[in-house]
Amino acid sequence: MNNKQKLLTATAITGTVVSASAFTLFDYAICRRKKQPDVRKKEKWKPYLDYVLKEQEWLKEHQEQELKEIKSKDGLTLRAAYIPREDAKGTIICMHGYHSTNNIEFVPEVRFLWNLGYNVLLPWQRSHGKSEGRYITYGVKERHDLKRWILYTNRHLGAKNKDIFLCGISMGCATTLMAAGLDLPDNVKGIIADCGFTSPWDIIKHVAKDRFHLPPFPLMYMVNLVSEIIAGFGLKEVSIPEIMKRNKIPVLFIHGDADNYVPMWMTIKNYEACAAPKELYIVPGAGHALAFSKDMEEGKRRIKDFINKYKTI
């Protein structure tokens, strides 16, 4: 075998390895998982498990039995649990995170939010739980889903003349911040943004390098191509810092400084770019999506003060 043949062979092998790695990462990062998450099997929740299980029971008892439904822009049936209350000041819409569900991440704070005087709407994001979908798009398509939930809340849940606050954790945080770049109704008064990333590209690149020790080049470009062709979105399609530069909705940014999944610098970057009124709350020792659970009293105070500052009712 001459040098030219060796080079061609090496190139072919490299291309095959990169392509296989790209499809594997695409499947891991973007495709829906069949198995539903169980909080009892998640190591990070063990210190808070008794409380979470108790709050899950409260959620079951207080949510309406009939789920709320909308159709997404691309025809998926999306569903949400709803916890109404009499004489509500408005509605808080809570968006859960990646490969999670609305009765894990938001359960520690859902009763608190409800006790503030608000209805609480808990959608399952596309490709999660009781909502349809095959691919997770890291907020790119989910932001349009959230806008539809906001319009549904105004039209069917009596919120048209009342305040709406958006609350998101992890990918749900990215969904809410990306939605701020859309033309939202004027009664969306604030966003509580917990441990969100800066873009799909940034977070997948970080996870591929940190967890799987995979180099970003040329792998990420191949994953992006696969995502565009199969899932219909690009990993660089939306940048949250760019949206924040034009944002007019007040934001409370939250992040734990022990978060090993979404690096804290991503929230700092989103915060620094935000042109709207903003606050930053860093929780010492809190891991990913655990900021509220780590320090509930301070979390309650920060969220309550933020909502009171921007509410109109």
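Remember, predicted model here, so these are calculated numbers, not experimental data.

Asker: Quick question: what am I supposed to make of the packing of helix α4 (residues 142–156) against helix α5 (residues 171–179) here?
Answerer: For any two helices packed against each other, one specifies the crossing angle of their axes together with the interaxial distance. Following both chains from N to C, one finds α4 and α5 inclined at 70°, their axes separated by 8 Å at the closest point. The pairing of α4 with α5 is recorded here as roughly perpendicular in orientation. Of the residues in α5, those in contact with E142, R143 and L146 of α4 are M171, T175, T176, M178 and A179. Its residues assigned to classes, the contact of α4 with α5 shows 4 nonpolar, 2 polar and 2 charged.

Asker: Whenever I open this one, the sheet that holds strand β1 (residues 68–71) confuses me. Can you help?
Answerer: Where strands meet in a sheet, backbone hydrogen bonds hold them as pairs that are either parallel or antiparallel. Strand order in the open sheet formed by 8 strands is β1-β2-β4-β3-β5-β6-β7-β8, and the pairing between neighbours is mixed. Across the chains shown, the open sheet's two edge strands, defined by having one partner strand only, are β1 and β8 (278–283). With direction set aside, neighbouring strand axes in the sheet form an average angle of 20°. Where strand β3 (residues 90–95) lies against strand β4 (residues 118–123), 4 bridges are found, and the strand directions are parallel. Residue T91 lies in a different strand from β4, and its bridge partner there is N119.

Asker: Help me out: how do you make sense of the confidence of the model for the chain in this one?
Answerer: Any region with low pLDDT has predicted coordinates that should not be read closely. Chain-level statistics for the chain give a pLDDT mean of 92 and a share of 94% at 70 or above. Below pLDDT 50 for its whole length, residues 3–17 participates in 2 contacts with residues either more than four positions away or in separate chains.

Asker: Can you walk me through helix α11 (residues 296–310) in this structure?
Answerer: Taking 1.5 Å as the rise per residue, α11 with 15 residues should run 21 Å; its terminal C-alpha atoms sit 21 Å apart, in good agreement. Turning to α11, its buried residues number three or more, namely M296, G299, I303, F306 and I307. Buried residues of α11, viewed axially, fall in a sector of 105°; they line one side. When the buried face of α11 is taken as reference, the exposed residues oriented beyond 90 degrees from it are E297 and K309.

Asker: Looking at this model, I keep getting lost on the packing of aromatic side chains. Mind explaining?
Answerer: The geometry of an aromatic ring pair is captured by two quantities: the separation of the ring centres and the angle between the planes. Tallied over the full model, the rule gives 12 aromatic pairs. Each ring, one from F217 and one from Y221, has its centre 5.8 Å from the other, and the planes form 75°; the classification is edge-to-face. Judged by its relative accessible area of 64%, F217 falls in the exposed class. Among the aromatic residues, those joined into a ring-pair cluster are Y98, Y138 and F197. It is R85 that lies over the ring of W114; its NZ or CZ is 4.5 Å from the centre.

The rules behind these values
Residues numbered from 1 in each chain as written. Predicted model: local features only at pLDDT ≥ 70, side-chain atom pairs only at ≥ 80, totals over all residues. Heavy atoms only, no water. Axes fitted to C-alpha atoms, helices over the stretch in contact; angles between N-to-C directions. Helix = DSSP H or I, 4+ residues; strand = E, 2+ residues; numbered from the N terminus. Parallel < 35°, antiparallel > 145°, perpendicular 65-115°, else oblique. Contact = heavy atoms within 4.5 Å. Nonpolar A, V, L, I, M, F, W, Y, C, P; charged D, E, K, R; others polar. Pairing = 2+ DSSP bridges. pLDDT = per-residue confidence, 0-100. Expected span 1.5 Å × (residues − 1). Buried < 20%, exposed > 50% of the residue type's maximum accessible area, 1.4 Å probe, protein only. Arc of directions from axis to C-beta. Phe/Tyr/Trp six-rings, centres within 6.5 Å; stacked < 30°, edge-to-face > 60°. Lys NZ or Arg CZ within 6 Å of the ring centre and 35° of its normal.

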